[in-house]
Amino acid sequence: MKTQPTSRDVARAAGVSQATVSLVLGDKWRGRVSERTAGLVREAARELGYRPNLAARSLRLGRTRTALLVVPALTNEFFARVYTGAARVAAEHGFGVVLYPSPEGVGPARDPFASASAALDGVIASSMAADALASIRGSDLPLVMLDSDPGESGPAARVNLDIADGIRQVTDHLLGLGHRRFAHLASAVDSWTFQVRGRALDEALAGVPGAEVLTVPAALTVDAARQAAERALTGAGPRPTALICDDDILAAGACKAARRLGLRVPDDVSVAGFDDLALATALEPELTTVQLPAERVGERGMAALLDVLEGREPEAGDLPVSLVVRGSTAPPAR
């Protein structure tokens, strides 16, 4: 059966945002959109045979005042904080947030849309739960993606962290301490946010004399990270002097591996994480890591959805991240 065109199809054909399509077809464009742009949108809609979904439009006007937040796991502290931020902004605007985490923990959530879409104003989703979004991609529900590939089309808005800069910060810190032999404990989760970490690390080390990096994938568990770190620290050739981990959970496993091998952190090997979870200060020594503003991600995501619903352009630009230096990193042993 032929798929019905959506407002996102119209936006792509006209070369404008989904918010602009909503303004033009909702007859709210005057003073906000040029005559030329409005004409392009109407022409694209005619050529595609697009007809606005009146039920969806009534939802976007705020009749249900409910947003769905799709995350891979509520057991992960980062996503719990994302929910806190989204719920705070939603409450300020009289909205509610329904949370849909993956029952399996890490990995894609089961598709919640078949039964829930009729009661939603829009969806905010983590890229790590992207497999749960098949149904909404064929609907007119506004979709805001968190931490997702900016090169992919589809969402009405995105909220991204400056992940690459976080990797640059931690790499520059370790290079400044004198490290040149690195192991990268890379998350085995196939997600844009982790792919960015690997690319950014390679770019940060490119051209640095004597710098080398061994990449070892690991599932997002302490035990899997411990095993991966043990392989990295006992493999052939000179031992890495610093472990850069995609996540604080992986860093905890790396610290555990070092202890089991009789190595001291940071005297014999430095360990750096990513996220700045509560776990980072529970370790001894405390973990050097990149702090991600998780609540701010949730706030920005909900604000972006509200902007789309009201026909405004969401705030642009990646959210900044910052390196927190603690006791797990030091100059390499001579």
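Our structure is the block above this text.
Nothing here was measured: the structure is a model prediction, and the numbers come from that model. (Residues numbered from 1 in each chain as written. Predicted model: local features only at pLDDT ≥ 70, side-chain atom pairs only at ≥ 80, totals over all residues. Heavy atoms only, no water.)

If you look at the biggest cluster of nonpolar residues, it comprises 47 residues, and the most contacted ones within it are Phe 78, Val 144, Leu 146, Leu 161, Leu 292 and Met 302. The leading source of residues in this core is helix 12 (residues 294–309), at 8 residues. For Met 302, the contacting residues outside a window of four places in its chain are Ala 67, Ala 86, Val 89, Ala 90, Phe 95, Val 97 and Ile 124. Grouped together as the second largest cluster of nonpolar side chains are 27 residues, Ala 228, Ala 229, Leu 283 and Leu 287 included. (Core = buried A, V, L, I, M, F, W, Y, C linked by side-chain atoms within 4.5 Å. Buried < 20%, exposed > 50% of the residue type's maximum accessible area, 1.4 Å probe, protein only. Helix = DSSP H or I, 4+ residues; strand = E, 2+ residues; numbered from the N terminus. Contact = heavy atoms within 4.5 Å.)

Burial along strand 4 (residues 143–146) is two-sided: Leu 143 and Met 145 facing one way and Val 144 and Leu 146 facing the other are all buried. Note: strand 3 (residues 122–126) against strand 4, 4 bridges, orientation parallel. Counterpart to Val 123 in the pairing with strand 4 is Leu 143. In the sheet, strand 4 pairs with strand 5 (residues 157–159) via 3 bridges, with the strands oriented parallel. In the sheet register, Leu 146 faces strand 5, and the bridge partner there is Val 159. (Pairing = 2+ DSSP bridges.)

Let's shift gears to the sheet that holds strand 5. Spatially, the 5 strands line up as an open sheet ordered 2-1-3-4-5, and their pairing is parallel. Either end of the sheet is taken by a strand with one partner, and the two such strands are strand 2 (96–101) and strand 5. Here the average twist between neighbouring strands, direction ignored, is 20°. Contacts between helix 5 (residues 77–92) and the sheet are confined to strand 1 (66–71), strand 2, strand 3 and strand 4, with strand 2 contributing the most and set at about 160° to the helix. Of the strands in this sheet, strand 1, strand 2, strand 3, strand 4 and strand 5 touch helix 12, which is tilted by about 170° from strand 5. (Axes fitted to C-alpha atoms, helices over the stretch in contact; angles between N-to-C directions.)

This part covers the pairing of strand 8 (residues 242–245). Burial along strand 8 is two-sided: Ala 242 and Ile 244 facing one way and Leu 243 and Cys 245 facing the other are all buried. Alignment of strand 8 against strand 9 (residues 270–272), held across 3 bridges, turns out to be parallel. Counted as the bridge partner of Ile 244 is Ala 272 from strand 9. As a crossover connection, the stretch from strand 8 through helix 10 (residues 248–260) into strand 9 is right-handed. (Right-handed = clockwise from strand over helix to strand, strands pointing away.)

All told, the structure shown has 13 salt bridges when counted by the stated rule. The shortest N-O distance in the salt bridge between Asp 223 and Arg 226 comes to 2.8 Å. Here Asp 223 and its partner Arg 226 are both found in helix 9 (residues 222–234), 3 residues apart, which amounts to about one turn of the helix. For the salt bridge of Glu 315 with Arg 300, the shortest nitrogen-to-oxygen distance reads 3.5 Å. With Glu 315 in the loop between helix 12 and strand 11 (322–324) and Arg 300 in helix 12, this residue pair connects regions lying 15 residues apart in the sequence. On the basis of relative accessible area, Glu 315 is assigned to the partly exposed category, the value being 48%. Three or more residues joined by partner-sharing salt bridges are found here, namely Arg 88, Glu 295, Arg 296 and Glu 299. (Salt bridge = Lys/Arg side-chain N within 4 Å of Asp/Glu carboxyl O.)

A separate point is the side chain of Thr 66. Structurally, Thr 66 can be placed in strand 1. Excluding its chain neighbours within four sequence positions, the residues that come into contact with Thr 66 are Phe 95, Gly 96, Val 98, Ala 119, Leu 120, Asp 121 and Gly 122.

Moving on to the sheet that holds strand 8. Across the sheet, 4 strands lie side by side as 7-6-8-9; this open sheet has parallel pairing. Single-partner strands in this sheet number two, and they are strand 7 (212–218) and strand 9. Strand-to-strand twist across the sheet, computed as the mean angle between neighbouring axes with direction ignored, equals 20°. In this structure, strand 6 (residues 181–187) lies alongside strand 8, joined through 4 bridges in parallel fashion. Note that in strand 8 the partner of Ala 183 across the bridge is Leu 243. Its contacts with the sheet put helix 7 (residues 163–177) on strand 6, strand 8 and strand 9, and the angle it makes with strand 8 is roughly 175°.

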